[in-house]
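Chain and residue survey
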Amino acid sequence: MQSYLEFEKPVAQLDQRIAELRAASEGDEVDISAELARLEAKSAELLATTYAALTPWQKTQVARHPSRPHFRDYVAHAFEEFVPLGGDRLYGDDQSIIGGLAKLGERKVVLIGHEKGHDTETRIRHNFGMGKPEGYRKAIRLMELAGRFNIPVVTLVDTSGAFPGIEAEERGQAEAIARSTEACLALPVPMVAVIVGEGGSGGAVALASAERVLMMEHAVYSVISPEGCASILWRTAEKAPEAAEAMKVTAQHLERLGVIDRIVPEPIGGAHRDPAAAARALGTAIGDELDTLAQIAPEQLRRMREDRFLAIGAN
Amino acid sequence: MSWLSRVRNSLPFVAKRETPDNLWVKCPSCQEMLFVKEYEENLHVCPRCNHHGRINADTRLGILLDAGYDLLPQPSVKEDPLKFRDTSKYTDRLKKARANNAHSDAFSVGSGMIDGRPAVVGVQDFSFMGGSMGMAVGSAFVAGAEQALKRHCPYIVVTAAGGARMQEGILSLMQMPKATVMTRRLKEAGLPYIVVLTDPTTGGVTASYAMLGDVHIAEPGALIGFAGQRVIQDTIREQLPEGFQRAEYLLKHGMVDMVVERKDLKGTLATLIDYLAPKKAA
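Residues numbered from 1 in each chain as written. Chains lettered and ligands numbered in written order. Predicted model: local features only at pLDDT ≥ 70, side-chain atom pairs only at ≥ 80, totals over all residues. Heavy atoms only, no water.

Focus on the pattern of salt bridges
Here is the rule we go by: Note on definitions: salt bridges are taken to be side-chain nitrogens of Lys or Arg within 4 Å of carboxyl oxygens of Asp or Glu. Secondary structure elements follow DSSP: runs of H or I no shorter than four residues count as helices, runs of E no shorter than two count as strands, and numbering proceeds from the N terminus.
Tallied over the full model, the rule gives 46 salt bridges over all chains. Between K138 of chain A and D93 of chain A there is a salt bridge; the shortest N-O distance is 2.6 Å. Taken together, the positions of K138 of chain A in helix α6 (residues 133-148) and D93 of chain A in the loop between β1 (81-85) and β2 (97-104) put the pair 45 residues apart, joining distant regions of the chain. Residues D274 of chain B and R117 of chain B are paired through a salt bridge, measuring 2.7 Å at the closest nitrogen-oxygen approach. Of the two residues, D274 of chain B sits in helix α10 (residues 262-276) while R117 of chain B sits in strand β5 (residues 117-124), which places them 157 residues apart along the sequence. Via salt bridges that share partners, R212, D261, R262, D288, E289 and R308 of chain A belong to a single interconnected network.

The following block contains the structure:
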């Protein structure tokens, strides 16, 4: 069953009427198909206009939607093959960051990304997509492998942030993130990063320091969660909608700021309404980017990546 | 000018007429009343409990660099790119911070000598908006690294920050990879990059240039970590262990090489530079 967000209430009401009408008409002689079609068109139009004008806070909710496609859905619908590789060879295998060898069409890539999980059991197993040091160190290992074997790197970023816990601090969460960012910058192969859901702070940047950074249409990317920002600057988490607005967290804002390069369109009503279509659009966009980057020499790729970040903030 | 008078002159309250009010300071840790002069002469370290007080950029540069160093100009950056406003305007917060600070933002760079050894020292100043890393901090960090590359000498960075500057949104986050571009360039040039972690160093600063040094030094008792303690407590709902995220805890867990008292910092840096600095061309 479709779960509706607060701002989708008018659409939900309409959809409910359609469902009731359909149920009531079952076995009935009266033909209501014209009326049904009219209501369905109205619902679709309402959904489209709602999603064309989402506020930053509404987008944050869409990006966090429980049915939003995650790593495993993108792998299933956009990639032909995925061979998972595991472990950081130092401590353990973090399930919140997954990686391995994958095929996008005919292209071989090293694919790395956050996985949030889709039900209670998997959410716990994947720690809600909050990476631990061993996850970032696995990512470093896989990026280095990609560099040695001349395979491009694709990352799918989807995290509220790196895990804030005692053991993560003990094992050097900050160091792991810093090294992962460094590993991105050092890559001698093309790297394409996509913020597919939430791009939360350092935990996101550690996998997104690429020469091409893409965002799904309704994804968000920010230095701190709107709630976190609001509780610090407004002294109440209830001001999260204002904080989301002020921080300019949407793909559309970030493209204007030059922080991302390309927006991948989502199905009407968000990626969660048609995960397979969202994944196909993502696959096409990544493929395009990889084909363009394939022509560029390793030194030039690194230079592109460096220049991109050095230019940010220069007057 | 001796480093001591430099330190003294950089304290805003010393310039005022000496009244009994500013003859004494209270140690923020043990609450002991200390004679200001004694506290300053002790490099803002409490002589009773050894608490290492927070110091501003000029005081720090005065302690670490030989007299006569050059202060690099602050690179110009776009101001308030997001037109950010919370309970007050970001531009007003900046104005207020500047009125109370000798510098225009939270990262200052001195280029000079450490006991006669060429070095560039970048200092993050917690008193300027919590040392937070925005575009000005990132650009000043880059300028310091470029100066070290130009002089072909070590780059020492003294960190202190709550994290990224939220008022610059994503652009503050982008300072993490930006600074990392420069630590890589120093590495490629064979120049030592030494980090001195001071109280407090957390968030995006720790998760980028503060943890990428060839050598990590921490001041005693400094709070150093990725996540804030309240955030951790809210997430795991457990009591945090004694001394959690303090310099000594990081030493025990292998994240820093040494914990060094402020009075020994300059000497320690000089020793490290002797080992690591590029050999002079014959």
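Let us keep going from here.
What to know about the nonpolar core
Stated precisely, the cut-off is as follows: In these notes, a set of buried Ala, Val, Leu, Ile, Met, Phe, Trp, Tyr and Cys residues joined through side-chain atoms within 4.5 Å is what counts as a nonpolar core. Buried means the residue's accessible area, taken with a 1.4 Å probe over protein chains only, is under 20% of the maximum for its type, while exposed means over 50%, and partly exposed covers the values in between. Contact between two residues is taken to exist if any of their heavy atoms lie within 4.5 Å; hydrogens are not considered.
With 145 residues, the main nonpolar core has L156 and Y221 of chain A together with Y155 of chain B as its most contacted residues. The element best represented in this core is helix α5 (residues 135-151) of chain B, accounting for 8 residues. Ignoring any residue separated from it by four or fewer positions in sequence, one finds Y221 of chain A in contact with I195, G199, A204, V205, A208, M215, V249 and L254 of chain A together with I170, L173 and M174 of chain B. Among the nonpolar cores identified, the runner-up in size contains 25 residues, and V121, V123, I156 and V158 of chain B belong to it.

Side note on unusual backbone geometry
Residue and element names in this part refer to chain B. The omega angle of the peptide bond from D199 to P200 is -15°, so this bond is cis rather than trans. Relative to the elements of secondary structure, P200 occurs in strand β7 (residues 193-201). A positive phi angle is found at N50, which is not glycine, with a value near 65°. Secondary-structure assignment places N50 in the loop between α2 (36-41) and α3 (57-64). Owing to a relative accessible area of 29%, N50 belongs among the partly exposed residues under this scheme.

Considering the interface of chain A and chain B
Inclusion rule: Amino acids outside the nonpolar list (Ala, Val, Leu, Ile, Met, Phe, Trp, Tyr, Cys, Pro) and the charged list (Asp, Glu, Lys, Arg) are all regarded as polar, and Gly is one of them.
Contact with chain A, which involves 47 residues of that partner, is made by 54 residues of chain B. If you look at where chain A meets chain B, you find 3 salt bridges. Ionic pairing is found between K187 of chain B and E182 of chain A, a salt bridge with its closest N-O pair at 2.8 Å. Contributing elements (two or more residues each) for the side of chain A that touches chain B: α7 (166-170), α8 (173-186), α9 (201-205), β7 (220-222), α10 (226-233), α11 (240-247) and α14 (298-311) of chain A. Ranked by residue count, the leading element in the side of chain A that touches chain B is α8 of chain A, at 10 residues. In terms of residue class, the side of chain A that touches chain B is built from 26 nonpolar, 11 polar and 10 charged.

So, the domain arrangement of chain B
All names here are of chain B. Condition: Where each domain begins and ends follows an automated or database-derived domain assignment. Accessible area, probed at 1.4 Å, shrinks when two parts are joined; the buried area is that loss added up over both. In the analysis that follows, any N or O atom pair within 3.5 Å is treated as a polar contact, provided that within protein one partner can donate a hydrogen and the other can accept it, and provided that, for residues neighboring in sequence, both atoms belong to side chains.
What the domain assignment lists for chain B is domain 1 (16-51) and domain 2 (54-276). Distance between the C-alpha centres of domain 1 and domain 2: 25 Å. Each partner contributes residues to the interface: domain 1 has 4 residues there, and domain 2 has 6 residues. Buried area between domain 1 and domain 2, summed over both chains or domains, comes out near 480 Å², and the portion from carbon and sulfur atoms is 58%. The largest contributions to the domain 1 side of the interface with domain 2 come from L43, H44 and N50, which together make up 83% of the buried area. Remark: the boundary between domain 1 and domain 2 carries 0 salt bridges. Counting across the interface, domain 1 meets domain 2 through 2 residue pairs in polar contact (both at pLDDT 80 or more). A breakdown of the residues in the side of domain 1 that touches domain 2 according to their chemical character gives 2 nonpolar, 2 polar and no charged.

Structural notes on the domain arrangement of chain A
Residue and element names in this part refer to chain A. You can read the domains of chain A as domain 1 (6-53) and domain 2 (59-311). Computed from C-alpha atoms alone, the centre-to-centre distance between domain 1 and domain 2 is 36 Å. Between domain 1 and domain 2, a total of about 580 Å² is buried, with carbon and sulfur atoms accounting for 65% of that surface. Inspection of the domain 1/domain 2 interface yields 1 salt bridge. Across the salt bridge formed by R273 and E8, the nearest N and O atoms sit 3.1 Å from each other. Partitioning the side of domain 1 that touches domain 2 into residue classes produces 4 nonpolar, no polar and 1 charged.

Regarding the packing of helix α4 (residues 71-78) of chain A against helix α13 (residues 275-293) of chain A
Residue and element names in this part refer to chain A. How we decide: Helix axes are fitted to C-alpha atoms over the stretch in contact, other axes to C-alpha atoms as well, and angles between N-to-C directions run from 0 to 180 degrees. Relative orientations are named as follows: roughly parallel for angles under 35 degrees, roughly antiparallel for angles over 145 degrees, roughly perpendicular for angles from 65 to 115 degrees, and oblique for any other angle.
For the pair α4 and α13, interaxial distance at closest approach is 8 Å and the crossing angle is 70°. In terms of orientation, α4 and α13 fall into the roughly perpendicular class. Counting all contacts with α4, which are made through D73, Y74, H77 and A78, the residues of α13 involved are A276, A278, A279, R280, L282 and G283.

Quick notes on the packing of aromatic side chains
Let me state the cut-off plainly: Here the aromatic set is Phe, Tyr and Trp, taking the six-membered ring for Trp, and pairing holds for ring centres within 6.5 Å; pairs whose planes are under 30 degrees apart are stacked, those over 60 apart are edge-to-face, and all others are tilted. Only when the NZ atom of a Lys or the CZ atom of an Arg is both within 6 Å of the ring centre and within 35 degrees of the ring normal do we say a charge sits over the ring.
Inspection of every chain in the model, using the stated rule, returns 10 aromatic pairs over all chains. For the ring pair F7 of chain A and Y51 of chain A, a centre distance of 6.0 Å and an interplane angle of 55° mean the geometry is tilted. Taken together, the positions of F7 of chain A in the segment before α1 (9-25) and Y51 of chain A in helix α2 (residues 33-52) put the pair 44 residues apart, joining distant regions of the chain. Look at Y51 of chain A and you get buried, because its relative accessible area is 5%. Consider the rings of W234 of chain A and F84 of chain B, whose centres lie 6.4 Å apart with planes at 55°: the pair is tilted. Pair noted here: W234 of chain A is in the loop between α10 and α11 and F84 of chain B is in the loop between β3 (70-71) and α4 (90-99), and the two residues belong to different chains. Pair check on accessibility: W234 of chain A and F84 of chain B agree, each one buried. Taken together, the ring pairs in this structure connect F107, F141, Y155, Y193 and Y209 of chain B into an aromatic cluster. Positioned over the ring face of F309 of chain A is R308 of chain A, at 5.6 Å from the centre of the ring. The ring of F126 of chain B is capped by R54 of chain B, whose NZ or CZ atom sits 4.3 Å from the centre of that ring.

Considering a nonpolar patch on the surface
The condition that has to hold: Patch membership needs two things, relative accessible area over 30% and no salt bridge, and members are linked within 9 Å if like-charged or within 5 Å if nonpolar (Val, Leu, Ile, Met, Phe, Trp, Tyr). All accessible areas in this document rest on Shrake-Rupley with a 1.4 Å probe, and a residue is counted as covered only by the protein chains that are shown.
Together, W24, M33 and F35 of chain B make up an exposed nonpolar region whose accessible area comes to about 310 Å². Along the chain, F35 of chain B falls in strand β2 (residues 33-35).

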